[in-house]
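The lines below spell out each chain.
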Amino acid sequence: TTVVANVQNVSLTYGRQKPLDAYSANTGNVVLRYPTGYTTPNALFVTGTWLRISVRLGTSGTYRQLFVGRITDAMVQYGIPYSGGVGNADFVTLSCEGNFAAFGRVQGNSYAMTAGTLSAQAGQCATQTGLNISTTSAFGGTQPFPATTISGTWGDWVNRAVLTMNGKLIDISDGILMVN
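Note that residues are indexed from 1 along each chain, following the sequence as it is written. For this predicted model, a pLDDT threshold of at least 70 governs which residues receive local features, and a threshold of 80 or more governs which side-chain atom pairs are given and counted, while totals over whole chains, interfaces and linings are taken from all residues. Based on all heavy atoms of the structure, the side-chain values leave hydrogens and waters out of the count.

## Some remarks on the side chain of N159
At step 1: The way it works is that DSSP assigns letters per residue, a run of H or I at least four long becomes a helix, a run of E at least two long becomes a strand, and they are numbered from the N terminus. Residue placement: N159 occurs in helix 3 (residues 154-164).
At step 2: Setting aside residues no more than four positions away along its own chain, N159 makes contact with A22, Y23 and F100. In what follows, a contact means two residues having at least one pair of non-hydrogen atoms within 4.5 Å.

Printed below as a string of structure tokens:
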């Protein structure tokens, strides 16, 4: 784990606006002062690198995870260099997205999903997409779901399943989790 300093701003968008809205991919921007970026760039600030944003509760409290996802873009804004070094006005903005975004990019290609519990169908989704999707045992372990054809994206299917169960969608470190 690498902890970065000089964080100036964190902006996150995740979840949904209203209980019956479809989920959107979690997204965020992190702005950091980047005083040594010109002379020694941080090799971790590249597309695809995992990013976790946490906050500490109090001065000695536990850390609470706010966001997990991957960097989608790194934009450096260089300040005015001064004689003999780099100006202190250099910044890097890291754009990132949560794991659910990957499900929205994978087409269902008219896959014929067999009837079964939500947990069983989530297993079919994981097999077809190569992405990790989990459910809690209390959520979808016994609820039967009908057979369906996945004609849109797998993200569309996940949204329908979560809305049908009146559940929630959470990005976890290696995929997504559907819970009630």
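That was the structure; now back to the text.
## Brief notes about the packing of aromatic side chains
At step 1: The rule is short: rings of Phe, Tyr and Trp, with Trp giving its six-membered ring, pair when the centres are within 6.5 Å, and they are stacked under 30 degrees, edge-to-face over 60, tilted in between. Tallied over the entire structure, the rule returns four aromatic pairs.
At step 2: Ring centres of W154 and W157 lie 6.1 Å apart, and the angle between their planes is 70°; on these two criteria the pair is classed as edge-to-face. Residue W154 and its partner W157 are both found in helix 3; the two are separated by three residues, about one turn of the helix. Neither residue differs from the other here; W154 and W157 are each classed as buried.
At step 3: The rings of Y111, W154 and W157 are connected pair by pair, giving a single aromatic cluster. Throughout, exposure labels follow a simple rule: accessible area from a 1.4 Å probe, protein chains only, divided by the maximum for the residue type, with under 20% read as buried, over 50% as exposed, and the rest as partly exposed.

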